[in-house]
Amino acid sequence: MKASTVDDLRAPLKTLRFLVDEFPDLPAADVHVSTLFPDRVELAFHDDLGAFEQWRAALAIRPDAVRFGTQGVDDSTMNLRAEGPYGACTLSLVAYGPAPAGLCETEVAA
């Protein structure tokens, strides 16, 4: 369902308000709310994998729910992704950071 009015974004915007009230001391994130996915809130962390982990733990998202990947021509950037329900929304956490030298997805999967 695509949101056509601001009222259609009530759930993710309300979720953001609850997050601010419940976790005021957690690190700030880039926030994404989309009219294409009005039941989703994304918190993104750039060059701060520790902030991702703090949010993951606070939201009680299991460590085994975190997906790992690399990107870039030379796999020089790694990304972590996790999601879970929060109120009436799905809350997505995404983090990007430099990949350790020689690390690629196939080595992690092995």
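Residues numbered from 1 in each chain as written. Predicted model: local features only at pLDDT ≥ 70, side-chain atom pairs only at ≥ 80, totals over all residues. Heavy atoms only, no water.

Time to look at the pattern of salt bridges. Using the criterion set out here, one finds four salt bridges in the structure. For R10, the salt bridge goes to D7, with nearest N and O atoms at 2.3 Å. Of the residues examined, R10 reaches a relative accessible area of 52% and is grouped as exposed. Here R62 ties to D64 by a salt bridge, and the two come within 2.8 Å at their closest N and O atoms. A relative accessible area of 53% means that R62 is categorised as exposed. (Salt bridge = Lys/Arg side-chain N within 4 Å of Asp/Glu carboxyl O. Buried < 20%, exposed > 50% of the residue type's maximum accessible area, 1.4 Å probe, protein only.)

L19, L43, F45, W55, L59 and L93 are the most contacted members of the largest nonpolar core, which totals 18 residues. Every element with two or more residues in this core is listed here: α1 (10-22), β2 (40-46), α2 (49-58), β4 (77-86) and β5 (89-98). Counting residues per element, this core draws most heavily on β5, which supplies four residues. Residue contacts for F45: discarding those within four places in its chain leaves P27, A28, A29, A51, F52, W55, L93, V94, A95 and Y96. (Core = buried A, V, L, I, M, F, W, Y, C linked by side-chain atoms within 4.5 Å. Helix = DSSP H or I, 4+ residues; strand = E, 2+ residues; numbered from the N terminus. Contact = heavy atoms within 4.5 Å.)

Attention now moves to the layout of surface pockets. Put simply, the largest pocket is a space of about 170 Å³. Lining the largest pocket are L16, L19, V20, F23, P24, L26, P27, A28, A29, V31, L43 and W55. A total of three residues in the lining of the largest pocket trace back to one element, the largest contributor, which is α1. (1 Å grid on protein atoms, 1.4 Å probe; cavity = no way out; pocket = protein on both sides within 12 Å on 5 of 7 lines; lining within 4 Å. Points joined across faces, edges and corners; volume = space filled by probe spheres on them.)

Let's shift gears to the packing of aromatic side chains. Evaluated as defined, the whole model comprises one aromatic pair. Each ring, one from F23 and one from W55, has its centre 5.6 Å from the other, and the planes form 70°; the classification is edge-to-face. With a gap of 32 residues between them, F23 in the loop between α1 and β1 (30-33) and W55 in helix α2 connect regions that are remote in the sequence. For F23, a relative accessible area of 14% gives the class buried. According to the relative accessible area criterion, W55 is buried, its value standing at 6%. (Phe/Tyr/Trp six-rings, centres within 6.5 Å; stacked < 30°, edge-to-face > 60°.)

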